[in-house]
Amino acid sequence: MTDIVSLPDQVRQILETTPREALPMTYRQLVEALGLRPPRTIQRVTQALETLMREDAQRGEPFIAALVVSRRGEGLPAQGFFELAVELGRFPAEPSRHADAWRDELRRALEGNG
């Protein structure tokens, strides 16, 4: 993708235009969709997602970043997603409630992607 459009904007565009059936996508799939080359591809994507989370929180919109998950573990976003969601006041502080909060956020983000 072109450098004229910021990486967070590119990420938002991809997530908004990806067919609902293909979501959530993994961080690696997002890197590939963006055509990013090393170094630090995952780090750059997570920074862009964090920017989008801050924008969405300010707008009162669902976190579009909820549409991106880790390929490891339980198919949830990386820990940084949850930490920022708590910091932004969207998720409860108790880690035991994070997965349910994410599922609700994912549902809301998918509704916006329909």
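To be clear, the structure that these remarks concern was listed above.
Residues numbered from 1 in each chain as written. Predicted model: local features only at pLDDT ≥ 70, side-chain atom pairs only at ≥ 80, totals over all residues. Heavy atoms only, no water.

A. Structural view of the packing of aromatic side chains. Throughout the structure, instances matching the rule amount to 5 aromatic pairs. On the basis of an interplanar angle of 50° and a centroid distance of 6.4 Å, the ring pair of F63 and F91 is categorised as tilted. Of the two residues, F63 sits in the loop between α3 (41-59) and β2 (68-69) while F91 sits in the loop between α4 (79-87) and α5 (98-112), which places them 28 residues apart along the sequence. Among the residues examined, F63 registers a relative accessible area of 0% and is labelled buried. Judged by its relative accessible area of 6%, F91 is buried. Seen in terms of ring centroids, F81 and F91 are 5.7 Å apart; in terms of plane orientation they differ by 75°. Their pairing is edge-to-face. Linking F81 in helix α4 with F91 in the loop between α4 and α5, this pair joins segments that are 10 residues apart in sequence. (Phe/Tyr/Trp six-rings, centres within 6.5 Å; stacked < 30°, edge-to-face > 60°. Helix = DSSP H or I, 4+ residues; strand = E, 2+ residues; numbered from the N terminus. Buried < 20%, exposed > 50% of the residue type's maximum accessible area, 1.4 Å probe, protein only.)

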